[in-house]
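Architecture at a glance
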Amino acid sequence: MPPVFAHGRLRLYLLKLLDEAPRHGYEVIRLLEERFQGLYAPSAGTVYPRLAKLEAEGLVTHATEGGRKVYSITDAGRAELADRGGELADLEVEIRDSVTELAAEIRDDVRGAAGDLRREMRAAASASATRVEDESWKAAKEDLRKARQEWKEQARRAKDESRRAREEAQQARRQAKEAQERAREEVQRIAGQLQEQFARSGGVLGSLAGAWLGGAPAAGSADASAAGADEDAGRASEGVSQWAADLAATGDPARDLDRLLDRFRDEVRDAARDRGVTSAQVVEARRHLEAACGRLATTFGARS
């Protein structure tokens, strides 16, 4: 900022202020600030030394009031003001120009400071937005990474469960196949044993059948068995029975016989379960079974 007062101008203006009225140093400083509309206020280090110099030159004097010095202009001071009247008028114009210049400079400074502040605020806002955007992007990337990791983990678990299910299904199929194979082997073994027993003599088979049914064959059982065998032979000569016709031959006589015996047992058991069984019916069933065993023993004995 350029100097407000040119050389010697402040000295002249102090004389003018004291010519208006006696004043103490602080009041002089306040009046100068008012004349410059608050844009300029001289310091005490500027005003008091000049007042002391004016007093030394005999242009002002002071009196102490309330512990403060109150300065007054002397006749010599008024004489100097009169001699420099034209210079004082120029000084008033200079003060107005200085106020205008100071105001313009302050406006420029304020405008520049405001512009700098706006730029700094825009830069700060941009940096803040960038940081927020970066943080949002980082958060989004982290969420995406977690989602992908969770998806991979779920896919892995699903794959493991599917693999275990396949293994369990394969194991179950193997176990079922093994059980089926064991059952088939057991049936074949039993069928073979039955075939061997039927191949033996009818007397031995009759004794075994009687023991299984709970007693020895009755006296007329052999004759009845023989008569039943003759009847079966007669029916066989007429044609194949239609009972269990849905059981097609497998080419294995032992297995075919086993299937017929299973069908016979199932049908008898179903009939007994559906209709009920009495003690008398059990006795009658035993008699029929005994006769059937005798006839079958005769049949297989004849074939052997």
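Thresholds applied
- Residues numbered from 1 in each chain as written.
- Predicted model: local features only at pLDDT ≥ 70, side-chain atom pairs only at ≥ 80, totals over all residues.
- Heavy atoms only, no water.
- Salt bridge = Lys/Arg side-chain N within 4 Å of Asp/Glu carboxyl O.
- Helix = DSSP H or I, 4+ residues; strand = E, 2+ residues; numbered from the N terminus.
- Buried < 20%, exposed > 50% of the residue type's maximum accessible area, 1.4 Å probe, protein only.
- Pairing = 2+ DSSP bridges.
- Expected span 1.5 Å × (residues − 1).
- pLDDT = per-residue confidence, 0-100.
- Contact = heavy atoms within 4.5 Å.
- Axes fitted to C-alpha atoms, helices over the stretch in contact; angles between N-to-C directions.
- Parallel < 35°, antiparallel > 145°, perpendicular 65-115°, else oblique.
- Nonpolar A, V, L, I, M, F, W, Y, C, P; charged D, E, K, R; others polar.

This part covers the pattern of salt bridges. The final tally for this structure, using the stated rule, is 25 salt bridges. Its salt-bridge partner being Glu-20, residue Lys-16 comes within 2.8 Å of it at the nearest N-O pair. Taken as a pair, Lys-16 and Glu-20 lie in helix 1 (residues 9–20) at a separation of 4 residues, close to a single helical turn. Relative accessible area serves as the criterion here: at 39%, Glu-20 is assigned to the partly exposed category. Residue Arg-273 is joined to Asp-270 by a salt bridge in which the shortest nitrogen-to-oxygen separation is 3.0 Å. Here Asp-270 and Arg-273 lie together in helix 8 (residues 253–275), a separation of 3 residues that amounts to about one turn. We classify Arg-273 as exposed; its relative accessible area is 57%. A cluster of three or more residues bridged by salt bridges with shared partners is formed by Lys-16, Glu-20, Arg-23, Glu-27, Arg-30, Glu-34 and Arg-35.

Here the focus is the pairing of strand 2 (residues 60–65). As paired elements, strand 2 and strand 3 (residues 68–73) share 6 bridges and run antiparallel to each other. The partner of Thr-61 across the bridge, within strand 3, is Ser-72. Where strand 2 folds back onto strand 3 in an antiparallel hairpin, the turn is made up of 2 residues, including Gly-66, whose phi is positive at roughly 65 degrees.

Before going further, it helps to examine helix 1. Between the first and last C-alpha of helix 1 there are 17 Å, a value that for 12 residues agrees with the 16 Å anticipated at 1.5 Å per step. The element helix 1 is largely enclosed, with a buried count of 9 among its 12 residues. Looking only at helix 1, the buried set comprises Arg-9, Leu-10, Leu-12, Tyr-13, Leu-14, Leu-15, Lys-16, Leu-17 and Leu-18.

It should be kept in mind that the predicted coordinates are not to be read in detail where pLDDT is low. Confidence in the prediction for the protein chain averages 78 pLDDT; 76% of positions are at 70 or higher. No element of the protein chain has a lower mean pLDDT than helix 6 (residues 202–213), at 45, and none a higher one than strand 3, at 94. Below a pLDDT of 50 lies the segment residues 201–222, which in the model reaches 16 contacts outside its immediate sequence neighbourhood of four places, other chains included. Long-range and interchain partners of residues 232–239, a stretch whose pLDDT sits below 50, account for 1 contact in this model, where long-range means more than four residues apart.

Attention now moves to the packing of helix 1 against helix 3 (residues 44–56). Helix packing for two helices is described by the angle between their axes and how far apart those axes are. Two elements in contact, helix 1 and helix 3, have axes separated by 10 Å at closest approach and are oriented at 75 degrees. Between helix 1 and helix 3, the angle falls in the class roughly perpendicular. Residues Leu-10, Arg-11, Leu-14, Leu-15 and Leu-18 of helix 1 form the contact with helix 3, whose own contacting residues are Thr-46, Val-47, Arg-50, Leu-51 and Leu-54. The residue makeup of the contact of helix 1 with helix 3, split by class, is 7 nonpolar, 1 polar and 2 charged.

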